[in-house]
Amino acid sequence: MATASSKAAERQTIALSFTVNGRAYDLDVEPHELLLDVIRDRLALTGAKRSCDVQVCGACTLLLDGRPVSACTLPAFEARGKKILTIEGLAENGTLHPLQQAFIEHGGFQCGFCTPGMILTAKLLLDENPDPTEKELKHFMHGNICRCTGYKKIVESILAAAKKMRSGARSGKN
Amino acid sequence: MLRRFRLEEPDTIQAASDLLVRFGDAARLYAGGTELLLVMKEGLVRYERLINIKQIPNLNQVKLDNGAISIGALATHRELTVSPVLRESLPALVQMENNVANIRVREVGTIGGNLCFAEPHADPGTLLLVLGAKLIAAKKTGQREIAVENFFRDAYETSLESDELLTEIRIPRPSAAGGLAYLKFGYLERPSVGVAVRVEFNGGEKKWIAEARIAVGCAGPAPRRVEEAEAPLKGKSIQEATHLIDEAGGIAGRASQAISDLHGSQEYKEHIVQVLVKRAFQQAVQKS
Ligand SMILES: Cc1cc2nc3c(=O)[nH]c(=O)nc-3n(C[C@H](O)[C@H](O)[C@H](O)COP(=O)(O)OP(=O)(O)OC[C@H]3O[C@@H](n4cnc5c(N)ncnc54)[C@H](O)[C@@H]3O)c2cc1C
Ligand code: FES
Ligand code: FES
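Keep in mind it's a predicted model, so treat the numbers as computed, not measured.

1. What about the pairing of strand E4 (residues 62-65) of chain B?
Residue and element names in this part refer to chain B.
Step number 1: Of the pairings in the sheet, the one linking E4 to strand E5 (residues 68-72) comprises 4 bridges and is antiparallel in character. What sits directly across from Val62, in E5, is Ile71.
Step number 2: Where E4 hands over to E5, the hairpin turn is made up of 2 residues, of which Asn66 adopts a positive phi near 55°.

Set out below in structure tokens:
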């Protein structure tokens, strides 16, 4: 690996205009500020969690322009001009998303630490593939780790939500 | 925690190369950041400046160009899995890409970053070795072509010069009279062993193997093509080659420069290479 310089960098700020759960924000961020810290500490949206901090577990998952990212390892400036959805923005007018409802009904969580990431990733899965096989589901969700449930109930919850959504409940938003 | 750094955002290859010359070791190119930010967060490396190359236009395109497949270095793993060009002409690469890391890393990580970081436990380099890919390196004063065999030097070491960017991966379109497979094995986050096999048949009759290519990755410090293992298969019928494939796999295992580490012992990895060579050969023949 390349040799590294130890000189400290000078401060620099970058204008970050973006939308989080439909609300527009204009912030100044430094290049090294991570998206997860901006969302949790500056916007006080604490649904996304820091757990592994190395892009393995998915507890920090956010949808950036509809695509899943590990906010623990993504600099906040990467969100310039983009739309973010966090778990806090998923329910509409107080009505839970079918996935949220299914996780409650089917015991899809215990401690809940992995749940925001699980649900956002599952939302994307079902938006792309409304009728996934269990194999497709497991491949898609491979990067979301749960230390409590043993996954069985999570799979059941997602498949139950898929069924409900196919029968026309609500398609969910981006 | 990530230490403070400054961000540069050049919009041409020349400007990015200029910045590399100007800031030397204090700066580093930044694409998806999925590798770089991890080692920076760990404090293993420090850079005063990151040069974000994602503002350079058109570096993520996948297209057919003069009969070759051209992949821009900034194409993300996900972009490769959904590319119509690749789905049509190189489904084995699509399949390999679809099994890289997890959905979030595939979304952000680029193929260029994967190759340039040269982390040993990676997939694309191994497959590119049997495809005869050429890597295009560019700097301020021009560009050059590096055969993929000459790209990987060692773990985390490539033949790119300090002011060069990887801009493109060029892959000759595989002929219809052949088959290709990439298989990997591992139970940790990253693959422990990866094997690519490609067979070409002569005369379109699918009877004789005109050419066989075998490459092994992850087991040792860098992916490598194993010509010693290819030789016994050349000129053989499928049946003959099927009898010889264990031997070829054994040669590939011993040539893989497998090291004992967290992923397993040297002996274990050599064995897995042998098994994967056999399975990949069978798949490649089936797909032809
Ligand atoms: C949890 C996890 C699991 C993973 N699993 C796998 C796996 O199963 N298989 C696999 O193959 N890989 C795996 N990876 C690695 C992954 O593929 C790479 O992290 C990713 O593709 C790197 O691309 P990047 O754009 O993020 O690179 P960056 O982090 O942006 O860059 C990496 C390095 O390459 C240099 N660089 C980047 N682009 C260029 C360029 N165009 N020219 C010159 N230098 C450049 C940078 O300066 C830096 O040194 C995994 C990674 C993680 C975090
Ligand atoms: S905390 Fe980001 S992936 Fe685990
Ligand atoms: S419910 Fe506790 S980690 Fe998943």
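2. Observations regarding the interface of chain B and chain A
Step number 1: The interface of chain B with chain A comprises 36 residues on the first partner and 43 residues on the second.
Step number 2: Summed over both partners, the interface of chain B with chain A comes to about 3,500 Å²; 53% of that surface belongs to carbon and sulfur atoms.
Step number 3: For chain B, the biggest contributors to the area lost against chain A are Arg4, Ile103 and Arg104 of chain B; these three give 22% of the whole.
Step number 4: The interface formed by chain B and chain A contains 6 salt bridges.
Step number 5: Between chain B and chain A we count 17 residue pairs in polar contact (both at pLDDT 80 or more) in total.

3. Observations concerning the packing of aromatic side chains
Step number 1: By the definition in use, this model includes 5 aromatic pairs over all chains.
Step number 2: We note Lys49 of chain A situated over the ring of Phe113 of chain A; from NZ or CZ to the ring centre the distance is 5.9 Å.

4. Some words on the nonpolar core
Step number 1: Phe18, Leu35, Ile39 and Ile84 of chain A together with Met40 of chain B are the most contacted members of the largest nonpolar core, which totals 39 residues.
Step number 2: Residue assignment for this core shows that the elements contributing at least two residues are strand E1 (14-20), strand E2 (23-29), helix H1 (35-42) and strand E3 (61-64) of chain A together with helix H2 (36-41) of chain B.
Step number 3: Other than its neighbours up to four places away in sequence, Met40 of chain B contacts Met1, Leu2, Phe5, Val45, Tyr47 and Leu50 of chain B.
Step number 4: Membership of the second largest hydrophobic core comes to 36 residues, among which are Ala75, Leu86, Ile111 and Leu166 of chain B.

5. Considering the environment of Thr86 of chain A
All names here are of chain A.
Step number 1: When you line up the elements, Thr86 lands in the loop between strand E5 (83-85) and helix H2 (98-105).
Step number 2: With 23 residues separating them along the chain, Thr86 and Leu63 place their C-alpha atoms 6.8 Å apart.
Step number 3: Sequence-distant contacts of Thr86, defined by excluding residues within four places in its chain, comprise Val20, Asn21, Ile39, Leu45, Leu62 and Leu120.

6. Observations concerning the domain arrangement of chain B
Step number 1: Assigned domains of chain B: these are domain 1 (6-51), domain 2 (62-172) and domain 3 (180-287).
Step number 2: Measuring from the centre of the C-alpha atoms in domain 1 of chain B to the corresponding centre in domain 3 of chain B gives 36 Å.

7. Topic: the site of ligand 1
Step number 1: Close to ligand 1 lie 35 residues; Leu29, Gly33, Thr34, His77 and Thr110 of chain B are nearest.
Step number 2: More than one chain reaches ligand 1: the nearby residues come from chains A and B.
Step number 3: Arg28 of chain B places a side-chain nitrogen or oxygen 3.0 Å from an oxygen atom of ligand 1.
Step number 4: Contact distances for ligand 1 include 2.6 Å between an oxygen atom and a side-chain N or O atom of Thr34 of chain B.
Step number 5: Burial of ligand 1 by the protein amounts to 98% of the accessible area it has alone, namely 980 Å².
Step number 6: Secondary-structure elements contributing two or more residues to the shell around ligand 1 are strand E2 (27-30), H2, helix H7 (111-117) and strand E10 (165-172) of chain B.

8. Regarding the pattern of salt bridges
Side chains carrying opposite charge are able to pair once their charged atoms draw close together.
Step number 1: Taken as a whole, this structure holds 32 salt bridges over all chains when the rule is applied.
Step number 2: For the salt bridge of Lys54 of chain B with Glu78 of chain A, the shortest nitrogen-to-oxygen distance reads 2.7 Å. One end of the pair, Lys54 of chain B, is in the loop between strand E3 (49-52) and E4; the other, Glu78 of chain A, is in the loop between strand E4 (67-70) and E5, on a second chain.
Step number 3: Looking at Lys54 of chain B, the relative accessible area reads 33%, which means it is partly exposed.
Step number 4: The exposure class of Glu78 of chain A is buried, given its relative accessible area of 13%.
Step number 5: Linked through salt bridges whose partners overlap, the residues forming this network are Asp37, Arg50 and Asp53 of chain A together with Lys41 of chain B.

9. Overview of the sheet that holds E3 of chain A
Residue and element names in this part refer to chain A.
Step number 1: Taken in spatial order, the 5 strands make up an open sheet running E2-E1-E5-E3-E4, and their pairing is mixed. Looking at which strands have only one partner, the edges of the open sheet turn out to be E2 and E4. Neighbour to neighbour, the strand axes of the sheet diverge by 40° on average, direction disregarded.
Step number 2: The sheet contact formed by E1 and E5 spans 2 bridges and is parallel. In the sheet register, Val20 faces E5, and the bridge partner there is Ile84.

10. Considerations on unusual backbone geometry
Step number 1: Here the phi dihedral of Asn93 of chain A falls at roughly 45°; this positive angle occurs in a residue that is not glycine.
Step number 2: Here Asn93 of chain A lies in the loop between E5 and H2.
Step number 3: Positive phi, normally seen in glycine, also occurs at Ala118 of chain B, with a value near 55°.
Step number 4: Inspection of the secondary structure puts Ala118 of chain B in the loop between H7 and helix H8 (124-130).

11. Focus: the environment of Gln61 of chain B
All names here are of chain B.
Step number 1: Mapped onto the elements of the fold, Gln61 is located in the loop between E3 and E4.
Step number 2: Distance in space between the C-alpha atoms of Gln61 and Leu74 is 7.9 Å, their sequence separation being 13 residues.
Step number 3: Apart from the residues within four sequence positions on either side, Gln61 is in contact with Ser70, Ile71 and Gly72.

12. Points about the packing of H2 of chain A against helix H3 (residues 115-128) of chain A
Residues and elements named next belong to chain A.
Step number 1: At their nearest, the axes of H2 and H3 sit 10 Å apart, and the two run at 125° to each other. If you check the angle between H2 and H3, you find them oblique. Relative to H3, the crossing made by H2 is right-handed. Mapping the contact onto sequence places Leu99, Gln100 and Phe103 in H2 and Thr115, Met118, Ile119, Ala122, Lys123 and Leu126 in H3.
Step number 2: Its residues assigned to classes, the contact of H2 with H3 shows 6 nonpolar, 2 polar and 1 charged.

13. Description of helix H10 (residues 238-255) of chain B
Helical geometry note: an α-helix holds 3.6 residues per turn, so side chains three or four residues apart project in the same direction.
Residue and element names in this part refer to chain B.
Step number 1: Here H10 contains 18 residues, and its C-alpha end-to-end distance of 24 Å stays within 8% of the 26 Å for a straight helix at 1.5 Å per residue.
Step number 2: If you look at H10, its biggest bend is around 45°, right at Leu244.
Step number 3: Those residues of H10 not exposed but buried are Ala241, Ile245, Ala248, Gly249, Gly250, Ala252, Gly253 and Ala255.
Step number 4: Residues of H10 that are buried make contact with strand E13 (209-217), strand E14 (224-225), helix H9 (227-230) and helix H11 (266-287).
Step number 5: A positive phi of about 55° marks Gln257, the residue just after H10.

The rules we used
- Each chain has its residues counted from 1, running along the sequence as written.
- Here chains are named by letter from A upward and ligands by number from 1 upward, in the order in which they appear as written.
- The model is predicted, so local features are restricted to residues of pLDDT at least 70 and side-chain atom pairs to those at 80 or more, both for listing and for counting; the totals for chains, interfaces and linings are taken over all residues.
- Side-chain numbers here rest on the full set of heavy atoms in the structure, without hydrogens or water.
- What makes two strands pair is DSSP finding at least two bridges between them.
- Secondary structure elements follow DSSP: runs of H or I no shorter than four residues count as helices, runs of E no shorter than two count as strands, and numbering proceeds from the N terminus.
- Note on contacts: a residue pair is in contact if any heavy atoms of the two residues lie within 4.5 Å.
- Reported buried area values correspond to the accessible surface (1.4 Å probe) lost by two parts on association, with both partners' losses combined.
- Between Lys or Arg on one side and Asp or Glu on the other, a salt bridge is scored when a side-chain nitrogen of the former is within 4 Å of a carboxyl oxygen of the latter.
- Nitrogen and oxygen atoms within 3.5 Å of one another constitute a polar contact, given that in protein one can donate a hydrogen and the other can accept it, and given that sequence-neighbouring residues count only through two side-chain atoms.
- For Phe, Tyr and Trp, rings pair up if their centres lie within 6.5 Å, where Trp contributes its six-membered ring, and each pair is then called stacked (planes under 30 degrees apart), edge-to-face (over 60) or tilted (otherwise).
- Here, a charge over a ring is recorded when the distance from Lys NZ or Arg CZ to the ring centre is within 6 Å and its angle to the ring normal is within 35 degrees.
- Within this scheme, the nonpolar core is defined by two criteria: the residues are buried Ala, Val, Leu, Ile, Met, Phe, Trp, Tyr or Cys, and they are joined through side-chain atoms within 4.5 Å.
- Burial status follows relative accessibility: with a 1.4 Å probe on protein chains alone, a residue under 20% of its type maximum counts as buried, one over 50% as exposed, and anything between as partly exposed.
- The source of the domain bounds is an automatic or database domain assignment.
- Each residue is tested against the molecule or strand, and it is near if at least one of its non-hydrogen atoms lies within 4 Å.
- Here the accessible surface of atoms and residues is derived via Shrake-Rupley with a 1.4 Å probe, and residues count as covered only by protein chains that are part of the display.
- Axes here mean lines fitted to C-alpha atoms, for a helix over just the part in contact, with angles spanning 0 to 180 degrees between N-to-C directions.
- Angles are sorted into four bins: roughly parallel if under 35 degrees, roughly antiparallel if over 145, roughly perpendicular if 65 to 115, and oblique for all others.
- By the definition used in this description, the sense in which the near helix is turned from the far one sets the handedness, with an anticlockwise turn below a right angle giving left-handed and a clockwise turn giving right-handed.
- All amino acids are sorted into three groups, where Ala, Val, Leu, Ile, Met, Phe, Trp, Tyr, Cys and Pro are nonpolar, Asp, Glu, Lys and Arg are charged, and the leftover types, Gly among them, are polar.
- Given the number of residues in a helix, its expected span is that number minus one, multiplied by 1.5 Å.
- The angle between axes fitted to the seven-residue stretch ending at a residue and the seven-residue stretch beginning at it gives the bend at that residue.

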